[in-house]
Amino acid sequence: MTNTIGEFATAKLLFCIGTNMTEAHPVAATYLKNGVRSGTKLIVVDPRRQELADYAHIFAQLRVGSDIAFLNGVMNVLIAENLYDNRFVEDNCENFDDLVAKVAEYPPSRAARISGVPEKTIIEIARMLGTIKPAMVIYTLGITEHNTGKRNVMSLANLQMLLGNMGVEGGGVNPMRGQNNVQGACDMGALPNMYCGYQRVAVPEISEKFARFWGVDGLSTREGLKIAEMTNGLPAGKVKAFWIFGENLVATEPDIGHISHCLNSAEFLVVQDIFRNETTPYADVILPSAAWCEDDGTFTNTERRVSRVRKIKEAPGEARPNWWIFKEVARRWGYDWPSNSGRDLWDREIAPLCPAFAGITFDRMDAIGGIQWPCPSEDHPGTAVLHRDGRFSRGKGNFQAIDWVPSAEEPDETYPFVLSTGRRLVHYHSRTQTGRAKGLNERMPEERADISIPDAERLGIANGETIRVVSRRGSVKIKANVSKRMPQGMVWMSFHFWETNANRLLSGDTASFDPDTLTPSYKACAVKIEKMA
Amino acid sequence: MGTSLVTAVINGKTLTAQPGMTIMQAARAKGIKIPSLCYHPALESSGACRICLVEVEKHPKLLPACTTPLSEGMVIFTHSPKAVAARRFVVEMILIRHPLDCFSCESNGRCDLQDLAYELGIEKSPFQEEGNVCTDYALDDTNPFYIRDMNKCVVCGRCVRACDWQSGYHAVDFQFRGIKTTVNPPVGMKLEDSDCVFCGQCVQACPVGALIERKSIGQGRSWETEKVRTTCAYCGVGCQLDLHVKGEKIVRVTGTEEGMPNRGRLCVKGRFGYDFIYSEERLTKPLIRVRKGDMKSGDDLFREASWDEALDLVASRFKEVIERHGSDAVGGVSCARSLNEDSYSMQKLFRMVFKTNNIDHCARV
């Protein structure tokens, strides 16, 4: 996020698109509700009439996968009615002419045809954005889990630059990161193209710096493979040995049949986890690790706040801290790593290696709580709002002309419904944790597929009736939840329960993924619904 | 700011405060404790309990500190005989119907009512009520997360305001009148069917033992527990939690009131989703595959091994693959749930030791 969660309560206007915040980020949503109660305006854009829509001043129910057309339509109105921030565009951005030409192809009438959002709602949204400034753009995986994920994000960046809503409190582009430390895993360089602190592996000076610090030669400057390239590389013979740390890939990657086949092809597979799960049976070695509460360290939240995580107990049996496991393997290759604790690793390696985290130390966090990066020095308070005064890291903000393209798998006659998948309030991912927490399972003991009232009536499906949801990959037997929040033609399911795991239905073919990020189309899969005989 | 500070005197001490601050806020900011049941710094004051009544010079009546703005020149006595007598009367009234089962109450030692009675030296209520004083409410223990005991409710309304403001649901509110007043979900509706999302914010707000986490029962007394602050292990909001720990056991979890970004707020997973760490199903020993087989019949595919054996095997197999096929024939996926220090170490292993950048995690999904 460029901005902070607390600003949801004080912003003038919130533009929420593809975020089911009340379930996926419940505490963040409480600030949004406080804001709306105190006068913040709220625009919600989502295929489902989810809970946020209840608080919205304008709710736009767009078709799955039509975000770019919708956003181009909004920007078309902003430019046509001269409601954009001329000054910001001129001073802080470039490539404006490209944007103007592109969005000219998306008058509200066309944007409405593609997105299903009425023309007058598109105009109304543009006018609200054009007159109430600044506005925060907030999004989650509803934006990114598409074949156009990256372009969806760039469209939102276009919108905020056009409105001059960058670098100010109550503005910015704000992705709500899904997992507790997905921000941190990025920050730490668990990415094929970056070392920790977003330092590129392909830049020779950077790899030399890391080589010097670590006391080795010959670090690779070739960017590595992304998850899907690695898993697909297993059956292809390109990747032979694979190490999965704390991810239940079999349950969480799209197309369970495909990912199982991939892992089964590994010559050697290490799985490091706290429980057996659907992925461990494929392992050659399973390494038991310390869980939350069993080790000292840090998490980084979605607003770039690095906070302490503390140990209260020993790991059970012979389970060991994860960093210890990696260190021990390095030792067997002849390297003696000096750090022996989370504190050592952060204070003596991570902070010194990464200018953005240089001023964050365990002592400071213990004294004052979490600190938001960038924090270049120990006397720096941390950074709540990025790109202050319109200064972007690359210099000027670069407008991108972006065309709408349909989802990789559009509904057709055989598979007339679109399936979106995600997370529900009470559970988390494949339930390795929440499935073992008393109370949570009782509250939600099984998954149901959400379908609309008109579809249920047309197909003669009663609420709670077991149906079959079928895609080109497979089928799932599941109870129907007939919901007034669902639009016609859409099915919504989570991936929390193994038997009804929506990932059985999704495509694992990288042709259906975002071509740049290789993010699977978790939000758009063509399915049909069958009544059981 | 253009507005000048307000100066007043509390218990003989001169203090200044921002304009608009209540007597309670100004006093607390200076470390002066005015007792209360219904006041909570994160919630709008309601002035309901009348425990915080204080004497103010030139005011004929006692004033509730939590709703009265501090004004210039006020001379306030928080514990004058008149204020203490009023406070005592209120507590004695509450104790007409409040059970005195502190021995077995989970809230023992962290109960604001108990502290008040102690401070005021009240053993039991001197008032004897002949009629129905509403002490026979059935325990509401139908939901899996927390127990509601309306017999212990002091009708302070903190739970109502916490639900409304901190959680944004307003699933419960006052019902009935007078001594029959209780806090409930909408009439005729069970909590499970109401708007309640079981975030437990009401439980955290309760000053007595009317709302109790189910998993905490019998796990430890408040004075036996130590508070350890940490960060939640679920979503990306990164809520700050206080783990109330006895030995190695989490007795209960509360949101850190001053913690950012959540300021004391939590959701159902953050507050109640912690006990997976104690599961009997945890992996406790390294395991090595003994045979290829049906992936579904997990158990007999593996045998237990020592760390040395398992780590030697991992190190040597990776070495073998790299020698035969090059560094880029190995790859790894890190964990978006685990510590920064763990992800740093994994990418360090792959880059520094294995000499490949084939390291990723689920960032883009």
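### Describing the overall build of chain B
Along its length, chain B carries eight helices and 16 strands. For a compact globule of 365 residues, the expected C-alpha radius of gyration is about 21 Å, and chain B comes in at 28 Å, more than 25% above that figure. Taking the principal axes of its C-alpha atoms as reference, chain B extends roughly 90 × 55 × 35 Å. In chain B, which comprises 365 residues, the share counted as buried stands at 58%.

### Observations concerning the layout of surface pockets
Empty space left among the atoms is revealed by rolling a probe the size of a water molecule over them. Residue and element names in this part refer to chain A. Quantified by volume, the second largest pocket comes out at close to 1200 Å³. Lining the second largest pocket are 32 residues; nearest its centre among them are E23, R424, R443, N481 and R485. Of all the secondary structure elements, the ones that give two or more residues to the lining of the second largest pocket are helix 1 (21-24), helix 3 (51-55), strand 17 (448-452) and strand 19 (475-483). It is helix 3 that contributes the most residues to the lining of the second largest pocket, three residues altogether.

### Considerations on the side chain of A:T4
Residues and elements named next belong to chain A. Mapped onto the fold, T4 is located in the segment before strand 1 (13-17). At 2.6 Å, the side chain of T4 forms a polar contact with the side chain of E7. Not counting the four nearest positions on each side in its chain, T4 is found in contact with M136, E303, Q372 and A384.

### Looking at the pairing of strand 2 (residues 41-45) of chain A
All names here are of chain A. Of all five residues making up strand 2, four are buried, and the element is well covered by its neighbours. Inspection of the sheet shows strand 1 paired to strand 2 by five bridges, in the parallel sense. Looking across to strand 2, one finds that I17 is bridged to V45. Bridging between strand 2 and strand 3 (residues 58-60) involves three bridges; their strand directions are parallel. Across the sheet, V44 pairs through a bridge with F59, a residue of strand 3.

### Considerations on the interface of chain A and chain B
With 148 residues of chain A at the interface, the matching set in chain B holds 116 residues. Overall, the association of chain A and chain B removes approximately 11800 Å² of surface from exposure, summing both partners, and the carbon and sulfur fraction of that is 61%. Per-residue buried area on chain A facing chain B is highest for A:W292, A:R332 and A:W333; these three make up 7% of the total on that side. One can count 10 salt bridges joining chain A with chain B. Here A:D284 ties to B:R289 by a salt bridge, and the two come within 3.9 Å at their closest N and O atoms. At the junction of chain A with chain B, the criterion picks out 74 residue pairs in polar contact (both at pLDDT 80 or more). Considering each element in turn, the side of chain A that touches chain B owes the most residues, nine residues, to helix 16 (residues 322-332) of chain A. In the side of chain A that touches chain B, the residues fall into 75 nonpolar, 36 polar and 37 charged.

### Here we look at the sheet that holds strand 10 (residues 226-231) of chain B
Residues and elements named next belong to chain B. Across the sheet, three strands lie side by side as 10-11-12; this open sheet has antiparallel pairing. Strands with a single pairing partner mark the edges of an open sheet, and in this sheet they are strand 10 and strand 12 (249-255). Taken pair by pair, the neighbouring strands of this sheet meet at an average axis angle of 30 degrees, ignoring direction. Both strand 11 (residues 240-246) and strand 12 contribute to a ladder of six bridges, which runs antiparallel. Bridging across to strand 12, H244 finds its partner in R252.

### Considerations on the side chain of A:T517
Topologically, A:T517 is positioned in the loop between strand 20 (490-494) and strand 21 (525-531). Side-chain polar atoms of A:T517 contact the side chain of A:T519, separated by 2.9 Å. Contact partners of A:T517, with chain neighbours within four places excluded, come to A:K150, A:K226 and B:R364.

### Regarding helix 15 (residues 256-264) of chain A
Residues and elements named next belong to chain A. Of all the positions in helix 15, only I256, I259, S260, C262 and L263 are classed as buried. For helix 15, the angular spread of the buried residues around the axis is 160 degrees, confining them to a single face. Where helix 15 is buried, its residues touch helix 13 (227-236), strand 9 (241-245), helix 14 (249-252) and strand 10 (268-273).

### Points about the sheet that holds strand 12 (residues 297-300) of chain A
Hydrogen bonds between backbone atoms are what pair the strands of a sheet, whose relative direction is either parallel or antiparallel. Reading across the sheet, the three strands line up as 12-13-14 (chain A) and stay open at both edges, with antiparallel pairing between neighbours. Edge positions in the open sheet fall to strand 12 and strand 14 (371-372) of chain A, since each of these has one partner strand only. Of the pairings in the sheet, the one linking strand 13 (residues 305-309) of chain A to strand 14 of chain A comprises two bridges and is antiparallel in character. Across the sheet, the residue bridging to A:V306 is A:I371, located in strand 14 of chain A. Those strands touched by helix 8 (residues 340-353) of chain B are strand 12 and strand 13 of chain A, and its axis lies near 95 degrees from that of strand 12 of chain A.

### Observations concerning the packing of aromatic side chains
Summed over all chains, the structure comprises 25 aromatic pairs over all chains. Between A:Y195 and A:W214 the ring centres are 6.0 Å apart and the planes differ by 65 degrees, which places this aromatic pair in the edge-to-face class. Highlighted residues: A:Y195 in strand 7 (residues 194-195) and A:W214 in helix 12 (residues 204-214), separated in sequence by 19 residues. Of the two residues examined, A:Y195 and A:W214, each falls in the buried class. Taken together, the aromatic side chains of A:W243, A:F245, A:F268, A:F326, A:W333, B:F318, B:F350 and B:F354 make up a single cluster linked through ring pairs. A cation over a ring is seen here: A:R436 above A:F275, with NZ or CZ 3.8 Å from the ring centre. Here the basic side chain of B:R265 rests over the ring of A:Y31, its NZ or CZ set 4.5 Å away from the ring centre.

### Let's talk about the nonpolar core
One broad trend across soluble globular proteins is that nonpolar side chains are buried collectively. Judged by nonpolar contacts, the single largest core of 60 residues is most densely connected at A:W243, A:W346, B:F318, B:L349 and B:F354. Among the elements that take part in this core, helix 7 (residues 307-325) of chain B stands out by supplying eight residues, more than any other. For B:F318, the contacting residues outside a window of four places in its chain are A:A241, A:F242, A:W243, A:F268, A:V270, A:W333, B:V330, B:F350 and B:F354. Counting residues in hydrophobic clusters, the runner-up holds 49 residues, among them A:A11, A:L42, A:L52 and B:V237.

### Section: unusual backbone geometry
Residues and elements named next belong to chain A. Cis geometry is found at the peptide bond from K133 to P134, where omega equals -5 degrees. Residues W373 and P374 are joined by a peptide bond in cis, for which omega reads 0 degrees. Structurally, P374 can be placed in the loop between strand 14 and strand 15 (397-398). In this model, Y198 sits at a positive phi of 55 degrees, which is unusual for a non-glycine residue. If you trace the backbone, Y198 turns up in the loop between strand 7 and strand 8 (199-200). Phi at R304 takes a positive value of approximately 65 degrees, unusual for a residue other than glycine. With respect to the secondary-structure elements, R304 resides in the loop between strand 12 and strand 13.

### Remarks on the confidence of the model for chain B
Detailed reading of predicted coordinates is not advised where the pLDDT is low. With 96% of its residues at a pLDDT of at least 70, chain B reaches an overall mean of 94. Two summary scores accompany this predicted model of the complex, namely pTM at 0.96 and ipTM at 0.97.

### As for helix 13 of chain A
Residues of helix 13 of chain A that are buried: A:I227, A:A228, A:M230, A:T231, A:G233 and A:L234. Where the residues of helix 13 of chain A are buried, they touch strand 9, helix 14 and helix 15 of chain A together with strand 15 (330-333) and strand 16 (359-360) of chain B. Trailing helix 13 of chain A by a residue or two, A:G237 shows a phi angle of about 85 degrees, which is positive.

### Some words on the domain arrangement of chain A
Residue and element names in this part refer to chain A. Assigned domains of chain A: these are domain 1 (5-176), domain 2 (182-379) and domain 3 (417-531). Just the C-alpha atoms count here: the centres of domain 2 and domain 3 sit 31 Å apart. Overall, the association of domain 2 and domain 3 removes approximately 1500 Å² of surface from exposure, summing both partners, and the carbon and sulfur fraction of that is 66%. Taken as a group, P254, D255 and I256 account for 34% of the area that domain 2 buries against domain 3, more than any other trio of residues on that side. If you look at where domain 2 meets domain 3, you find nine residue pairs in polar contact (both at pLDDT 80 or more). When contributions to the side of domain 2 that touches domain 3 are tallied by element, the ones reaching two or more residues are helix 13, helix 14 and helix 15. When its residues are assigned to classes, the side of domain 2 that touches domain 3 shows six nonpolar, five polar and six charged.

What counts, and where the lines are drawn
- Residues numbered from 1 in each chain as written.
- Chains lettered and ligands numbered in written order.
- Predicted model: local features only at pLDDT ≥ 70, side-chain atom pairs only at ≥ 80, totals over all residues.
- Heavy atoms only, no water.
- Helix = DSSP H or I, 4+ residues; strand = E, 2+ residues; numbered from the N terminus.
- Rg over C-alpha atoms; globule rule 2.2 N^0.38 Å.
- Buried < 20%, exposed > 50% of the residue type's maximum accessible area, 1.4 Å probe, protein only.
- 1 Å grid on protein atoms, 1.4 Å probe; cavity = no way out; pocket = protein on both sides within 12 Å on 5 of 7 lines; lining within 4 Å.
- Points joined across faces, edges and corners; volume = space filled by probe spheres on them.
- Polar contact = N/O pair within 3.5 Å; in protein donor to acceptor, adjacent residues only side chain to side chain.
- Contact = heavy atoms within 4.5 Å.
- Pairing = 2+ DSSP bridges.
- Buried area = accessible area lost by both parts, 1.4 Å probe.
- Salt bridge = Lys/Arg side-chain N within 4 Å of Asp/Glu carboxyl O.
- Nonpolar A, V, L, I, M, F, W, Y, C, P; charged D, E, K, R; others polar.
- Axes fitted to C-alpha atoms, helices over the stretch in contact; angles between N-to-C directions.
- Arc of directions from axis to C-beta.
- Phe/Tyr/Trp six-rings, centres within 6.5 Å; stacked < 30°, edge-to-face > 60°.
- Lys NZ or Arg CZ within 6 Å of the ring centre and 35° of its normal.
- Core = buried A, V, L, I, M, F, W, Y, C linked by side-chain atoms within 4.5 Å.
- pLDDT = per-residue confidence, 0-100.
- Domains from an automatic or database assignment.

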